[in-house]
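What follows is each chain in one-letter form.
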There are 2 protein chains.
Amino acid sequence: MEDRAVSCLIALRRVLSAADHNVRAVAKVTGLSVQQLIVLRIVEDTTEITPMMIARSAGVAPATATALIEKLAQMDYVSRRRSQSDRRRYWVSLTEAGKAALHSAPDPLHQKFSEEFARIPDYEQAMILAALERVANMVSTPGETLPGTDESHVLEVSEALGAETAGPV
Amino acid sequence: MEDRAVSCLIALRRVLSAADHNVRAVAKVTGLSVQQLIVLRIVEDTTEITPMMIARSAGVAPATATALIEKLAQMDYVSRRRSQSDRRRYWVSLTEAGKAALHSAPDPLHQKFSEEFARIPDYEQAMILAALERVANMVSTPGETLPGTDESHVLEVSEALGAETAGPV
DNA sequence: TAAAGAAACTTCATATTTCGAATTAATTAT
DNA sequence: ATAATTAATTCGAAATATGAAGTTTCTTTA
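Structural notes, computed from the coordinates. (Residues numbered from 1 in each chain as written. Chains lettered and ligands numbered in written order. Predicted model: local features only at pLDDT ≥ 70, side-chain atom pairs only at ≥ 80, totals over all residues. Heavy atoms only, no water.)

What follows concerns the packing of helix 7 (residues 122-139) of chain A against helix 6 (residues 108-119) of chain B. Closest axis-to-axis distance for the helix 7 of chain A/helix 6 of chain B pair is 9 Å, and the angle between their directions is 125°. One element, helix 7 of chain A, and the other, helix 6 of chain B, form an angle in the oblique class. Note on packing geometry: the crossing formed by helix 7 of chain A with helix 6 of chain B is right-handed. Residues V135(A), M138(A) and V139(A) of helix 7 of chain A form the contact with helix 6 of chain B, whose participating residues are L109(B), K112(B), F113(B), E116(B) and F117(B). Its residues placed into classes, the contact of helix 7 of chain A with helix 6 of chain B shows six nonpolar, no polar and two charged. (Axes fitted to C-alpha atoms, helices over the stretch in contact; angles between N-to-C directions. Helix = DSSP H or I, 4+ residues; strand = E, 2+ residues; numbered from the N terminus. Parallel < 35°, antiparallel > 145°, perpendicular 65-115°, else oblique. Left-handed = near helix turned anticlockwise from the far one by under 90°. Contact = heavy atoms within 4.5 Å. Nonpolar A, V, L, I, M, F, W, Y, C, P; charged D, E, K, R; others polar.)

And the structure:
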């Protein structure tokens, strides 16, 4: 029934709300703004990413991404490395300080989920995973994939591993 | 395995990302800011709600809630009615214009999900719903329940139905 | 191959948002 | 009564967001 889809969406909204509160709480503890934290997470997920991709992932304008990256770079949480194959671009990556900041605060949602998940029977775990992946496939569109699943830049990953002298931008 | 919990969280992040992009898209179409849209949805869910509860639900500071409500009231998307039982507070509710604005734009995620959900077998629907509700219960904490599930104000609902002269605030 | 076109990022000016702290008003507790 | 709480607001500072215009670097194409 239509009814069940609505129930699903309500549950989804509860999850969404929880995630939102979670990111705000984590941001507060780390001393980062919500957007800064989100960008930091995006960078962590991808290990290396360009400003454009950050803008798309975070859902902000390129100009805003520039400002956010600049701020994070000033805090020494991310570093920038000019791309050699396309010198208009550069790669943003987490510094050690950035990693440390990101993990300085526990992630309540993550922990809570993992903890409770571990306690349920195996077949239920499998069911939940299957359902979540199914739902993810239902709602995620190509344009809004998580940076980690976006492969439009992997052609350049080899470059990231190359031993360039790589001065900061 | 620990591994499976991580897979769940990854799927969850894909869903969250999709939802985030979705709310931004809907906001853009309606001409509302993301937060305004979220507040409007919260108000719709509860039919009547106080600024404090909006702040908690939306995850913003009280001062921010005031500003958001003021803006929405200026647009005539919400109305305010002073509470009689506690005259510091007031009730926020959607106007007809607010309802119209909220539904003027289609919700791609909602539609996409409903459409695909309708196509899958009954037992799978049931499985997905069960899984989603389970996950929602895992991650949502009492403090961050969706307004609709928060019953701390129902004692006052009768008041909302009472025939007070109810001038705007 | 030279010029036009497009893309990535920045800068700038401006508008909006957000929040903390202090404030007012109303309620509740002592 | 008086003190302590609570709900909401005001205000000022800082953060964020964006469009438009500009720079540099690719990419096309004539």
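Having seen the structure, we can now continue with the description.
Moving on: the interface of chain B and chain A. Contacts between the two partners involve 55 residues from chain B and, on the opposite side, 54 residues from chain A. For the pairing of chain B and chain A, the buried interface totals around 5,700 Å² over both sides, and the portion due to carbon and sulfur atoms is 67%. Considering only the side of chain B, the residues that lose the most area to chain A are R4(B), R14(B) and M138(B), jointly responsible for 13% of the buried surface there. Along the contact surface separating chain B from chain A lie six salt bridges. (Buried area = accessible area lost by both parts, 1.4 Å probe. Salt bridge = Lys/Arg side-chain N within 4 Å of Asp/Glu carboxyl O.)

Our focus in this paragraph is the protein's contact with DNA strand C. Residues in close proximity to DNA strand C total 23 residues, the closest being M52(A), T66(A), R88(A), T64(B) and K71(B). The sugar-phosphate share of atoms of DNA strand C within 4 Å of the protein amounts to 75%. Between DNA strand C and R88(A), the relevant distance is 2.8 Å, taken from a base nitrogen to a side-chain nitrogen or oxygen of the residue. In this structure, Y90(A) approaches DNA strand C through a side-chain N or O atom, which is 3.1 Å from a phosphate oxygen. (Near = heavy atom within 4 Å. Polar contact = N/O pair within 3.5 Å; in protein donor to acceptor, adjacent residues only side chain to side chain.)

For DNA strand D, the set of nearby residues contains 21 residues, the closest of which are S33(A), T64(A), M52(B), T66(B) and R88(B). Within 4 Å of the protein, atoms of DNA strand D come from sugar and phosphate in 76% of cases. Take T64(A): an N or O atom from its side chain is 3.3 Å from a phosphate oxygen of DNA strand D. M52(B) places a main-chain nitrogen or oxygen 2.8 Å from a phosphate oxygen of DNA strand D. At the level of secondary structure, the elements contributing two or more residues to the surface near DNA strand D comprise helix 2 (34-46) and helix 4 (62-74) of chain A together with helix 3 (51-58) and helix 4 (62-74) of chain B.

What follows deals with the relation of the copies chain B and chain A. You can overlay chain B on chain A at an RMSD of 0.3 Å; the transform is a turn of 179° with a shift of 0.2 Å along its axis. Look at the turn and shift together and you get a two-fold axis relating the two. Interface overlap between copies: 98% of the residues of chain B at the interface are likewise at the interface in chain A, consistent with a symmetric, same-surface contact. (Least-squares fit on C-alpha atoms with pLDDT ≥ 70 in both.)

On to the pattern of salt bridges. It is possible for side chains of opposite charge to pair when their charged atoms get near one another. Here the structure, examined in full by the defined rule, presents 20 salt bridges over all chains. The salt bridge partner of E48(B) is R81(B), with a shortest N-O separation of 2.8 Å. Separated by 33 residues along the polypeptide, E48(B) in the loop between helix 2 (34-46) and helix 3 and R81(B) in strand 1 (residues 78-82) bring together distant segments of the chain. Through salt bridges with shared partners, a single network forms among D86(A), R88(A) and R89(A).

Here the focus is the environment of T95(A). Residues and elements named next belong to chain A. Mapped onto the elements of the fold, T95 is located in the loop between strand 2 (90-94) and helix 5 (96-104). For T95, a relative accessible area of 12% puts it in the buried group. When the C-alpha atoms of T95 and A118 are compared, they prove to be 32 Å apart, with 23 residues separating the residues in sequence. In contact with T95, not counting residues within four places along its chain, are D76, Y77, V78 and S79. Polar side-chain contacts of T95 include one of 2.9 Å to the backbone nitrogen of G98. (Buried < 20%, exposed > 50% of the residue type's maximum accessible area, 1.4 Å probe, protein only.)

This part is about helix 7 (residues 122-139) of chain B. Taking 1.5 Å of rise per residue, the 18 residues of helix 7 of chain B would be expected to cover 26 Å, and the 26 Å separating its terminal C-alpha atoms lies within 8% of that figure. All of the buried residues in helix 7 of chain B are E124(B), Q125(B), I128(B), L129(B), A131(B), L132(B), V135(B), A136(B), M138(B) and V139(B). (Expected span 1.5 Å × (residues − 1).)

Orientation of helix 7 of chain A relative to helix 7 of chain B, taken along the N-to-C sense of each, is 100°, at an axis distance of 9 Å. Of the possible angle classes, the one that applies to helix 7 of chain A and helix 7 of chain B is roughly perpendicular. Contacts between helix 7 of chain A and helix 7 of chain B involve E124(A), M127(A), I128(A), A130(A), A131(A), L132(A), R134(A), V135(A) and M138(A) from the first element and E124(B), M127(B), I128(B), A130(B), A131(B), L132(B), R134(B), V135(B) and M138(B) from the second. Among the residues forming the contact of helix 7 of chain A with helix 7 of chain B, the class breakdown is 14 nonpolar, no polar and four charged.

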